[in-house]
Amino acid sequence: MHIEQQNGRNLKKDRFFYRCTVVILSAVLFFSGGKLSAQAATAVEEYGALKVEGTRLTSKKTGEAVQLRGVSTHGINWDVGYPYISKEAFQTLRDKYSVSAIRLAMYTTEYYGYCDKAGASESQSQVQSVLKQRIDTGVQAATELGMYVIIDWHVLNDQTPLKYKNEAKQFFKEISEKYASYDNVLYEICNEPNGGTGWEDIKKYANEVIPVIRENDGDAVIIVGTPNWSQDVDEASKSPLAYDNIMYTLHFYAATHKESYRDKLRTALNNGLPVMVTEYGVSEASGAGAINTAEAKKWLDLLDQNGISYFAWSLSNKAETASLLKAGTTKKSGWAKGDLSPAGKWVFKEYNARSGKASNEPGKVSKLKAKNLKGKKVKVTFKKLSNVSGYEIQYASNRKFKKSSTKRMTKTSCILKKLKKGKKYYIRVRAYRIISGQTYYGDYSSVRTIKIKK
Ligand code: IDC
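Residues numbered from 1 in each chain as written. Predicted model: local features only at pLDDT ≥ 70, side-chain atom pairs only at ≥ 80, totals over all residues. Heavy atoms only, no water.

Asker: Got a minute to help me understand the overall build of the chain in this structure?
Answerer: What the chain contains, in helices and strands, is 12 helices and 19 strands. Taken along the three principal axes of its C-alpha coordinates, the chain extends 85 × 45 × 40 Å. The buried share among the 454 residues of the chain stands at 51%. A separation threshold of at least 6 residues defines the contact pool for the chain, and within that pool the share at least 24 residues apart is 72%. Approximately 20500 Å² of the chain is accessible, and the part contributed by carbon and sulfur atoms is 48%. Treating the 72 positive side-chain charges of the chain as one cloud and the 45 negative ones as another, the clouds have centres 22 Å apart. (Helix = DSSP H or I, 4+ residues; strand = E, 2+ residues; numbered from the N terminus. Buried < 20%, exposed > 50% of the residue type's maximum accessible area, 1.4 Å probe, protein only. Contact = heavy atoms within 4.5 Å. Areas by Shrake-Rupley, 256 points an atom, 1.4 Å probe, with all protein chains shown as cover. Lys, Arg positive; Asp, Glu negative; His and termini not counted. Charge placed at Lys NZ, Arg CZ, Asp CG, Glu CD.)

Asker: Can you help me understand the nonpolar core in this one?
Answerer: Most often, soluble globular proteins keep nonpolar side chains buried together rather than apart. With 82 residues, the main nonpolar core has F90, W153, F172, Y187, I189, V224 and F348 as its most contacted residues. At seven residues, helix 6 (residues 199-216) tops the list of elements feeding residues into this core. If we ignore the near neighbours within four places in the chain, the residues touching I189 are W153, F172, Y205, A206, V209, I210, I213, I222, I223 and V224. Ranked by size, the runner-up nonpolar core spans 18 residues in total, among them Y391, C414, L416 and A431. (Core = buried A, V, L, I, M, F, W, Y, C linked by side-chain atoms within 4.5 Å.)

Asker: Help me out: how do you make sense of the sheet that holds strand 4 (residues 69-75) in this one?
Answerer: Strand pairing in a sheet relies on backbone hydrogen bonds. The paired strands run either parallel or antiparallel. Strand order in the closed barrel formed by eight strands is 4-5-6-7-8-9-10-11, and the pairing between neighbours is parallel. Averaged over neighbouring strand pairs, the angle between their axes works out to 30° when direction is ignored. Pairing of strand 8 (residues 222-224) with strand 9 (residues 246-253), which is carried by three bridges, proceeds in the parallel orientation. Bridged to I222 within strand 9 is I246. (Pairing = 2+ DSSP bridges. Axes fitted to C-alpha atoms, helices over the stretch in contact; angles between N-to-C directions.)

Asker: What is the right way to look at a positive patch on the surface in this model?
Answerer: A cluster of basic residues, K326, K337, K345, K349 and K364, forms a positive patch on the protein surface. Following the sequence through the fold, K345 ends up in helix 11 (residues 342-354). (Patch = residues over 30% accessible without salt bridge, like charges linked within 9 Å, V, L, I, M, F, W, Y side chains within 5 Å. Salt bridge = Lys/Arg side-chain N within 4 Å of Asp/Glu carboxyl O.)

Asker: What am I meant to see in the packing of helix 10 (residues 293-305) against helix 11 here?
Answerer: Helix packing geometry: the angle between the two helix axes and the distance between the axes. Between helix 10 and helix 11, whose axes approach to 12 Å, the crossing angle comes to 30°. Between helix 10 and helix 11, the interaxial angle falls into the category roughly parallel. Read as a crossing pair, helix 10 and helix 11 show a hand that is right-handed. Across the interface between the two elements, T293, A296, K297, L300, D301 and D304 of helix 10 pack against W346, E350 and R354 of helix 11. For the contact of helix 10 with helix 11, the per-class residue count stands at three nonpolar, one polar and five charged. (Parallel < 35°, antiparallel > 145°, perpendicular 65-115°, else oblique. Left-handed = near helix turned anticlockwise from the far one by under 90°. Nonpolar A, V, L, I, M, F, W, Y, C, P; charged D, E, K, R; others polar.)

Asker: Mind showing me how you'd approach the packing of aromatic side chains here?
Answerer: Given two aromatic rings, one states the distance between the centres and the angle between the planes to describe the pair. For the structure shown, the criterion picks out 19 aromatic pairs. Here the aromatic rings of Y114 and W153 are separated by 5.5 Å at their centres, their planes lie at 65°, and the arrangement is edge-to-face. Of this pair, Y114 sits in the loop between strand 5 (101-107) and helix 4 (124-144) while W153 sits in strand 6 (residues 148-154), and the two are 39 residues apart along the sequence. Just as Y114 is buried, W153 falls in that class too. Judged by centre distance (4.8 Å) and plane angle (65°), the ring pair of F382 and Y391 falls under edge-to-face. (Phe/Tyr/Trp six-rings, centres within 6.5 Å; stacked < 30°, edge-to-face > 60°.)

Asker: Mind showing me how you'd approach the site of the ligand here?
Answerer: Around the ligand, 16 residues are found, and the nearest of them are Y107, E110, E192, K318 and E320. Between E192 and the ligand, the recorded distance is 2.6 Å, taken from a side-chain N or O atom to a nitrogen atom. Measuring from an oxygen atom of the ligand, one finds a side-chain N or O atom of E279 at 2.8 Å. Considered on its own, the ligand offers 500 Å² of accessible surface; in the complex 83% of this is hidden by protein. (Near = heavy atom within 4 Å. Polar contact = N/O pair within 3.5 Å; in protein donor to acceptor, adjacent residues only side chain to side chain.)

Asker: Can you help me understand the pairing of strand 9 in this one?
Answerer: Looking along a regular strand, one sees side chains alternate from face to face of the sheet. Burial within strand 9 is extensive, with eight of its eight residues counted as buried. Burial along strand 9 is two-sided: I246, Y248, L250 and F252 facing one way and M247, T249, H251 and Y253 facing the other are all buried. In this fold, the crossover linking strand 9 to strand 10 (residues 275-281) by way of helix 9 (residues 259-270) has right-handed handedness. (Right-handed = clockwise from strand over helix to strand, strands pointing away.)

Asker: Looking at this structure, how should I read the pattern of salt bridges?
Answerer: Two side chains that carry opposite charge are able to pair once their charged atoms sit near each other. Within the structure shown, the criterion is met by 28 salt bridges. Between K132 and E174 there is a salt bridge, and its shortest N-O distance comes to 2.8 Å. Note that K132 is positioned in helix 4 and E174 in helix 5 (residues 165-178), a separation of 42 residues in sequence. Assessed through its relative accessible area of 18%, K132 is described here as buried. Ionic pairing is found between D136 and K178, a salt bridge with its closest N-O pair at 3.8 Å. With a gap of 42 residues between them, D136 in helix 4 and K178 in helix 5 connect regions that are remote in the sequence. The exposure class of K178 is partly exposed, given its relative accessible area of 46%. The network of salt bridges with shared partners includes R69, K297, D301, D304, E350 and R354.

Asker: Sorry if this is basic, but what is going on with unusual backbone geometry here?
Answerer: Keep in mind that most residues, glycine aside, have a negative phi and that most peptide bonds are trans. For the bond from W313 to S314, the omega torsion is -5°, close enough to zero to count as cis. Here E110, not a glycine, exhibits a phi torsion of approximately 85°, which is positive. In this fold, E110 is placed in the loop between strand 5 and helix 4. By relative accessible area, which is 23% here, E110 ends up partly exposed. Positive phi, close to 60°, is recorded for N387, a residue that is not glycine. Positionally, N387 belongs in the loop between strand 13 (377-381) and strand 14 (390-396).

Read these as spatial facts, not as claims about activity.
Below you can see the structure in the form of structure tokens.
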């Protein structure tokens, strides 16, 4: 199949040269765009290793404050969690949804847990080596993509991190040795202490685990959970740990935790505590219930104002409100809007908007028309959009656009040639904009169909 741009009829010599120049320049722009976009700096290239300065996560390389917008996996012990640990999945999050960091959540208890495998048929040490392998897959994928990655010791049903303190020390000794030279790895040493575990207990645990990590990785950023499912950052701020480069965990679920919990954050910040939201949901704390985007927006606004990093729970297709993917979707990467849950749609729209990506995306192409011309051709026209680099037309003889043809153009009309008589074609167009070597696509127009009669 073939495509041709609609050219003017009277080709005067100078106009001809003008057109040639435009074609060559667009080609240069197009190809250099592709090349440059592969070279666009990743978060890790830009900021390198991180440290904590005052309340802020900061780049060691540039001295700038760094705010990460991240996603947490579901438990990597479950099949609703680990299948999304891949370069393809993380790359989709990075390129489509402005995600710069991943959190790998490894439950310590629960089915296939690191310390208590609770009914899994493998031996505990087999479970441990599988989990470490999954962590490594995640760390390598994030590293190749220039993304930051948190390794999370997901204390939950075990309630107090003191319960598996020795296992934690052994685990963090091993992995901090393994990843000591990685600029992008952060350690989260206890997800959510609960069941009456007080700040003093957590400190006791932290004071044993932190030195183990620091022995291998002298200035790694380490994140410490706080009492009551990591809600009481105000408590921690009264008596912080005596180490540098420590951040303290705050978790919220927007349909449950509202202004009074934001006040805890304000207190902690006033006391100078560096906080990281390594987990939040737009759902209720159970992970279920309705989403509350009004409260979630208040939270993200407050976090953005203070440059606090946040990670959405969770990258999963499990049928629960908090999941970012549509329940039961089988896609493991490349998720379009239609593959996301209501929570996922909201979260990723916010990420794109808050990181400025959304404003770079052109609008949706409208008024798409298709007309069958003699000689098995179709003339396609659509409405011009301002401030775009060009348009991409896609057409195929099936509504799923399988084996489709895709062509780029700068004009708002074109002729499709060498189509098949008697066949019905599906056509759609989207605009794109190239900014600093990165290509941003608008939404596709609605689909036009046309039957080739002549
Ligand atoms: C939930 C999962 C759910 C799983 C459960 C296991 O969403 O599918 O069955 O854990 O106990 C947290 C925890 C996080 C919870 C999440 C939602 O850190 O593990 O995940 N949540 O309940 N704290 C507050 C909410």
